[in-house]
Each structure stands twice: as C-alpha cells, then as structure tokens.
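# Working through the structure, step by step
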Amino acid sequence: MKYMLITGASSGIGFQTFSKCFINNIYPIAIIRNEKSFKDNIINQNLENKEFSTIYCDLEDISSVENLVKEVKKITKKIDHLVLNAGFIETSAALMTTKSNIEKHLNINFVSQVLIAQSISKSFFIKQRKGTIVAVSSSAAIDANEARMAYSASKSALSTAIRVLSKELGKINIRANIVAPGLTDTKLMKNSTQPDQINKFINELSIKRLGRADEIANLIHFLSSDDSSFITGQVISIDGGIR
C-alpha cells in the first residue's frame, strides 16, 4: 500500500485528488482546515466506509505546520507521495494590495508548502530514497493576471522552489513537479472571479469551458505514479489552451 499526503484536501482539486486514491490503491492522508466541507464531500461521494486519515492543520500557523510530521508519524512510517494543493486567493488591484494581504498569500501558498515539502522529504523521502512531490500552482503564476498580484507572486515562488528541490533531490530518486491549472470549476475560483471575467476567459481558450477538478487530479496522480518516472522539475499547464 502506498501513502499520499494531500494539503488542501477539504474540497475542489484537493478532494478530487483524495478521492482518486481509492481507485489507485493509495491510502490518502487529508490535511484539512475546513472539517465541515470535507465531511460533506465524503458523504456526497459515498466514501464514509473507505479507509483514510485526516489531520487538521492551520497553514497560517507555523507551529501547526511544524507539528505536521509528528501527526503523520502517528499514522504511518512511510509516505510515498506529497501533494501541495492548499491555496488562498483574495483579489485586489496591485496598488491597493496591502502588506497583510501579501503576507497571507505568501504564508499559505508558499512558506507553509515549502516547509511541509522540506519536513516530509527529510523525515520520509530521503530515508526511503524515493518519493514524489506535486505542487499545485496556477496559470496566474505564468500569465500575471490583473488583480492577482499577491496570489500570482506566491504561486510563482512555490513553482520556483519546487523546481529547485527537483534538482537537489533528483539524484536520490525523489521527483518534484508542478501543475499549473487555468480557471477550474471550484468554489475557490468562483468566489474570486466575476461571472463576466469567467465568460471572457472561456472565450479566449482553445477548449471553451472551465477545467474540472477531477481533470487536474488525474494529472496529479499521473505525476505521482511510476508512469511519469522520467519527469521531474516541470511546470505543466492544464488550462484548456490559454496561449
């Protein structure tokens, strides 16, 4: 049995990644903050009788992040796959973006994710001499979309950090990749994007629709699997053909 640790597993892409573990014979450990959302999704997808574990973690609280490995070790002695999916977005014009807004984006989308990648690598992957990391970035990190300065910068920082890790850890068979979704049909996206912006965005795509969370999850599982054993250090766009 392989084990996958997933941040931001309460809903959206994270939950779809979590649910696909059961199809792929992987034991999922869900890192969650919104317990109600997670439980509602478990019920809606009839997963109550499946075997999994959950760990509560507040990614704005560094002590909570630093305690994560201890909680993981209570569940398993090995981790095969790490998925860094947790994300925060609050839009604002670049000149109106406050210091606290920038710091919150960086703490959740970058700092906490890198600390988790470091601790899981040191506690599990290096000893095993094997493991995979998949980070969920965003097309915004590439396209620098309006009103998303802090979000784009935090996701861009995450992408770069994971690529550096891929170069340092590849020699001991630890792979690290990044997926960069475009607009995806999730609650997070709808809460941060106006309907007219969504329609305009779709009209500019080659495939004229929103992405689905399960499509992103499929790519995450591919990059975590041995089917992608020669892929590392890549930022893979899954956006319907933005450019």
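Residues numbered from 1 in each chain as written. Predicted model: local features only at pLDDT ≥ 70, side-chain atom pairs only at ≥ 80, totals over all residues. Heavy atoms only, no water.

Moving on, we get to the overall build of the chain. Helix and strand counts for the chain stand at 10 helices and seven strands. The C-alpha radius of gyration of the chain comes to 17 Å, within 12% of the 18 Å expected for a compact globule of 243 residues. Reported as C-alpha extents along the three principal axes, the dimensions of the chain are approximately 50 × 40 × 35 Å. Among the 243 residues that make up the chain, the fraction classed as buried is 50%. Excluding contacts between residues fewer than 6 apart, the proportion of contacts in the chain whose partners are at least 24 apart in sequence is 74%. When the accessible surface of the chain is summed, it comes to about 12,200 Å², and 51% of that surface belongs to carbon and sulfur atoms. With 30 positive and 23 negative side-chain charges, the chain shows a separation of 6 Å between the mean positions of the two kinds. (Helix = DSSP H or I, 4+ residues; strand = E, 2+ residues; numbered from the N terminus. Rg over C-alpha atoms; globule rule 2.2 N^0.38 Å. Buried < 20%, exposed > 50% of the residue type's maximum accessible area, 1.4 Å probe, protein only. Contact = heavy atoms within 4.5 Å. Areas by Shrake-Rupley, 256 points an atom, 1.4 Å probe, with all protein chains shown as cover. Lys, Arg positive; Asp, Glu negative; His and termini not counted. Charge placed at Lys NZ, Arg CZ, Asp CG, Glu CD.)

We now examine helix H2 (residues 35-44). Every buried residue of H2 is listed here: Ser37, Phe38 and Ile42. Down the axis, H2 shows its buried residues gathered within 135° of arc, on one side only. Exposed residues pointing more than 90 degrees away from the buried face of H2 are listed as Lys36, Lys39 and Asn44. Of the surrounding elements, those touching the buried residues of H2 are helix H1 (12-23), strand S2 (26-32) and strand S3 (53-56). Capping the start of H2 is the job of one residue whose side-chain oxygen sits 3.3 Å from the backbone nitrogen of Lys36: Asn34. Trailing H2 by a residue or two, Asn46 shows a phi angle of about 55°, which is positive. (Arc of directions from axis to C-beta. Polar contact = N/O pair within 3.5 Å; in protein donor to acceptor, adjacent residues only side chain to side chain.)

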